[in-house]
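In case you want the letters, here they are:
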Amino acid sequence: VQLQASGGGLVQAGGSLRLSCAASGRTFSVETMGWFRQAPGKEREFVADITWTRSRTFYADSVKGRFTISRDNAKNTVYLQMNSLKPEDTAVYYCAAARDGRLGVPLALHEYDYWGQGTQVTVSS
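Residues numbered from 1 in each chain as written. Predicted model: local features only at pLDDT ≥ 70, side-chain atom pairs only at ≥ 80, totals over all residues. Heavy atoms only, no water.

**Student:** Tell me what's going on with the overall build of the chain, and back it up with residues and numbers.
**Tutor:** Looking only at helices and strands, the chain features zero helices and 11 strands. If you list the helices and strands of the chain from N to C, you get β-β-β-β-β-β-β-β-β-β-β. Taking 125 residues into account, the globule formula puts the C-alpha radius of gyration at 14 Å, and the chain, at 13 Å, falls close to it. Each principal axis of the C-alpha atoms in the chain carries an extent, and together these give about 40 × 25 × 25 Å. Out of the 125 residues belonging to the chain, those deemed buried represent 44%. (Helix = DSSP H or I, 4+ residues; strand = E, 2+ residues; numbered from the N terminus. Rg over C-alpha atoms; globule rule 2.2 N^0.38 Å. Buried < 20%, exposed > 50% of the residue type's maximum accessible area, 1.4 Å probe, protein only.)

**Student:** So what about the packing of aromatic side chains? Which residues, and what values?
**Tutor:** The final tally for this structure, using the stated rule, is four aromatic pairs. For the pair Phe36 and Phe46, a centre-to-centre distance of 5.8 Å together with 75 degrees between the ring planes defines the contact as edge-to-face. Taken together, the residues span a long stretch of sequence, with Phe36 in strand S4 (residues 32–38) and Phe46 in strand S5 (residues 45–51) at a distance of 10 residues. Considered together, Phe36 and Phe46 belong to a single accessibility category, that of buried residues. Each ring, one from Phe36 and one from Tyr112, has its centre 5.2 Å from the other, and the planes form 85 degrees; the classification is edge-to-face. Highlighted residues: Phe36 in strand S4 and Tyr112 in the loop between strand S9 (91–98) and strand S10 (114–115), separated in sequence by 76 residues. (Phe/Tyr/Trp six-rings, centres within 6.5 Å; stacked < 30°, edge-to-face > 60°.)

Laid out in structure tokens, this is it:
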């Protein structure tokens with residue numbers, strides 16, 4: 001499975017961006033798609049994920065109410081709509097895909113099987 005992330009950029013605080021992650025290859029094997037981010041000097045952290053079959057979603061507390069993850073099955077694409085952006089949202093955003101899915105809690109970083117290249121999101125104050 002190959003993942004291509006896009007949509008990053010520079011935006012002022014309070015603004016919005018929409019990230020896209022297009023999956024190709026053996027996409028039928030994917031159950032969960034997720035977004036992670038990594039700020040300079042920090043560890044990569046979970047942002048949001050969604051399952052293909054039930055559209056179950058999870059969000060990190062820091063983005064709840066501001067970010068929305070969605071999917072387009074026909075396009076094998078997952079989106080991350082980011083509103084009310086804050087300077088602390090500045091990071092490289094990565095999309096990831098996992099063969100597994102879980103209902104109760106989001107998958108951990110190490111449980112993802114495929115990773116896309118990152119896309120930079122910079123929020124100016």
